[in-house]
Amino acid sequence: MRLQGAAVSIFWESVMKLFGHPDSGHAYKVKLMLAVAGIPHDYTVIDIFSPRDSRPAQFRQFARFCEVPLLVNDGAAYTQSNAILLHLAERTGQWGGQDAARLRACREWLMWEANKIGMCLPQLRGHQRFADMRLDPGARAWLLSRYEHDVGLLDQHLAHQPGFVVGDTPTIADFSLSAYLHYADEAQVAVPAHVAGWLTRISQLNGWQPPYRLLA
């Protein structure tokens, strides 16, 4: 599903610029949508392990929180991954932006993701990947129980929704919910069957690449 002909020239009057990093699942959400949608953009890697005040001036000028992802389009800055996805769906009229009902469903899933999968899974991954993100055993156990509960709810939904999260075609809900699940091996967590099947369907979309390759 790509923008066609005149829609590209009218909508993208100037090339977008995305700032991200291979270790950011939040940046992966946005980069994956841009890649699958075939939306032209420039991409710059920001060293998220560097002090914030040492990051490039152009980035700091637009990044309200000095974090990735940052999307700059027509001189306007968009931050926070799920907010960026909503902006892109609304502007393109695709990927969940086709009508109010579908966009409402996507918005609900994006809010759910931020407080569920997007809250616990990055912390569990960070515990395994980075020494300065080591968790107290009790905190890790709590986050793991939250993840297992939340991914179980997603699995139940997908058991009755064999295509994508909202209908038969991919939307911003899929890009948001799947991003950190592509790092699940690093977090050392299990992925239930229906979720695994859905991740496979996403990986078969034109333009899909795994995080470290797409965000390199």
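To be clear, the structure that these remarks concern was listed above.
Throughout what follows, the structure given in this document is the object of discussion.

Calculation criteria
Residues numbered from 1 in each chain as written. Predicted model: local features only at pLDDT ≥ 70, side-chain atom pairs only at ≥ 80, totals over all residues. Heavy atoms only, no water. Helix = DSSP H or I, 4+ residues; strand = E, 2+ residues; numbered from the N terminus. Rg over C-alpha atoms; globule rule 2.2 N^0.38 Å. Contact = heavy atoms within 4.5 Å. Lys, Arg positive; Asp, Glu negative; His and termini not counted. Charge placed at Lys NZ, Arg CZ, Asp CG, Glu CD. Pairing = 2+ DSSP bridges. Right-handed = clockwise from strand over helix to strand, strands pointing away. Axes fitted to C-alpha atoms, helices over the stretch in contact; angles between N-to-C directions. Parallel < 35°, antiparallel > 145°, perpendicular 65-115°, else oblique. Left-handed = near helix turned anticlockwise from the far one by under 90°. Nonpolar A, V, L, I, M, F, W, Y, C, P; charged D, E, K, R; others polar. Salt bridge = Lys/Arg side-chain N within 4 Å of Asp/Glu carboxyl O. Buried < 20%, exposed > 50% of the residue type's maximum accessible area, 1.4 Å probe, protein only. Expected span 1.5 Å × (residues − 1). Polar contact = N/O pair within 3.5 Å; in protein donor to acceptor, adjacent residues only side chain to side chain. Core = buried A, V, L, I, M, F, W, Y, C linked by side-chain atoms within 4.5 Å. Phe/Tyr/Trp six-rings, centres within 6.5 Å; stacked < 30°, edge-to-face > 60°.

### Comments concerning the overall build of the protein
Here is step 1 of the chain: Looking only at helices and strands, the protein features eleven helices and four strands.
Here is step 2 of the chain: The C-alpha radius of gyration computed for the protein amounts to 17 Å, which stays within 12% of the reference 17 Å derived for 216 residues, consistent with globular compactness.
Here is step 3 of the chain: Taken over the C-alpha atoms alone, the protein extends approximately 50 × 45 × 25 Å along its principal axes.
Here is step 4 of the chain: Of all intrachain contacts in the protein linking residues separated by at least 6 positions in sequence, the fraction that spans at least 24 positions is 69%.
Here is step 5 of the chain: Of the side chains in the protein, 20 bear a positive and 20 a negative charge, and the two mean positions are spaced by 2 Å.

### With respect to the pairing of strand 2 (residues 41–45)
Here is step 1 of the chain: Bridge analysis of strand 1 (residues 16–20) against strand 2 gives five bridges, and the strand direction is parallel. Its bridge partner lying in strand 2, Phe-19 is registered against Thr-44.
Here is step 2 of the chain: Crossover handedness for the path strand 1 to helix 2 (residues 25–37) to strand 2: right-handed.

### Some thoughts on the packing of helix 2 against helix 4 (residues 81–92)
When two helices pack together, their arrangement is given by the angle between the helix axes and by the axis-to-axis distance.
Here is step 1 of the chain: Running from amino to carboxyl end, helix 2 crosses helix 4 at an angle of 20°, the nearest separation of the two axes being 8 Å. In terms of their interaxial angle, helix 2 and helix 4 are classed as roughly parallel. The hand of the helix 2/helix 4 crossing is left-handed. Residues His-26, Lys-29, Val-30, Met-33 and Leu-34 of helix 2 form the contact with helix 4, whose own contacting residues are Ser-81, Asn-82, Ile-84, Leu-85, Leu-88 and Ala-89.
Here is step 2 of the chain: Looking at the contact of helix 2 with helix 4 residue by residue, the class counts come to seven nonpolar, three polar and one charged.

### Looking at the pattern of salt bridges
Here is step 1 of the chain: The final tally for this structure, using the stated rule, is eight salt bridges.
Here is step 2 of the chain: Note that Glu-67 is salt-bridged to Arg-52, the shortest N-O span being 3.5 Å. You can see Glu-67 sitting in the loop between helix 3 (57–62) and strand 3 (70–73) and its partner Arg-52 sitting in the loop between strand 2 and helix 3, a full 15 residues away along the chain.
Here is step 3 of the chain: For Arg-107, the salt bridge identified is with Glu-90, shortest N-O distance 3.8 Å. One end of the pair, Arg-107, is in helix 5 (residues 100–115); the other, Glu-90, is in helix 4, with 17 residues separating them in the sequence.
Here is step 4 of the chain: Exposure remark for Arg-107: the relative accessible area of 34% places this residue in the partly exposed category.
Here is step 5 of the chain: Taking relative accessible area as the criterion, Glu-90 reaches 47% and is therefore assigned partly exposed.

### Observations regarding helix 5
Here is step 1 of the chain: With 16 residues, helix 5 ought to run about 22 Å at 1.5 Å a step, and its terminal C-alpha atoms sit 23 Å apart, in line with that.
Here is step 2 of the chain: For helix 5, the capping residue at the N-terminal end is Asp-99, with a side-chain oxygen 3.2 Å from the backbone nitrogen of Ala-101.

### With respect to the sheet that holds strand 3
Picture the strands of a sheet paired through backbone hydrogen bonds; they go either parallel or antiparallel.
Here is step 1 of the chain: The four strands are arranged 2-1-3-4 in an open sheet whose pairing can be described as mixed. The two strands at the open ends of the sheet, each matched to only one other strand, are strand 2 and strand 4 (76–79). Pairs of neighbouring strands in the sheet enclose a mean axial angle of 20°, with direction left out of account.

### Looking at the nonpolar core
Here is step 1 of the chain: With 56 residues, the main nonpolar core has Tyr-147, Leu-154, Ile-172, Leu-181 and Trp-198 as its most contacted residues.
Here is step 2 of the chain: With near-sequence residues (within four places) excluded, Leu-154 lies in contact with Trp-109, Trp-112, Leu-177, Leu-181, Val-195 and Trp-198.

### Topic: the packing of aromatic side chains
The description of two aromatic rings rests on the distance between their centres and on the angle between their planes.
Here is step 1 of the chain: With the rule as written, the count across this model stands at seven aromatic pairs.
Here is step 2 of the chain: Measuring from centroid to centroid gives 5.8 Å for Trp-95 and Phe-175, while their planes differ by 50°, and the two rings are tilted. Taken together, the positions of Trp-95 in the loop between helix 4 and helix 5 and Phe-175 in helix 8 (residues 172–178) put the pair 80 residues apart, joining distant regions of the chain.
Here is step 3 of the chain: Trp-95 gets classed as buried once you look at its relative accessible area, which sits at 2%.
Here is step 4 of the chain: Here the aromatic rings of Trp-109 and Trp-112 are separated by 5.4 Å at their centres, their planes lie at 80°, and the arrangement is edge-to-face. Residue Trp-109 and its partner Trp-112 are located together in helix 5, separated by three residues, close to a single helical turn.

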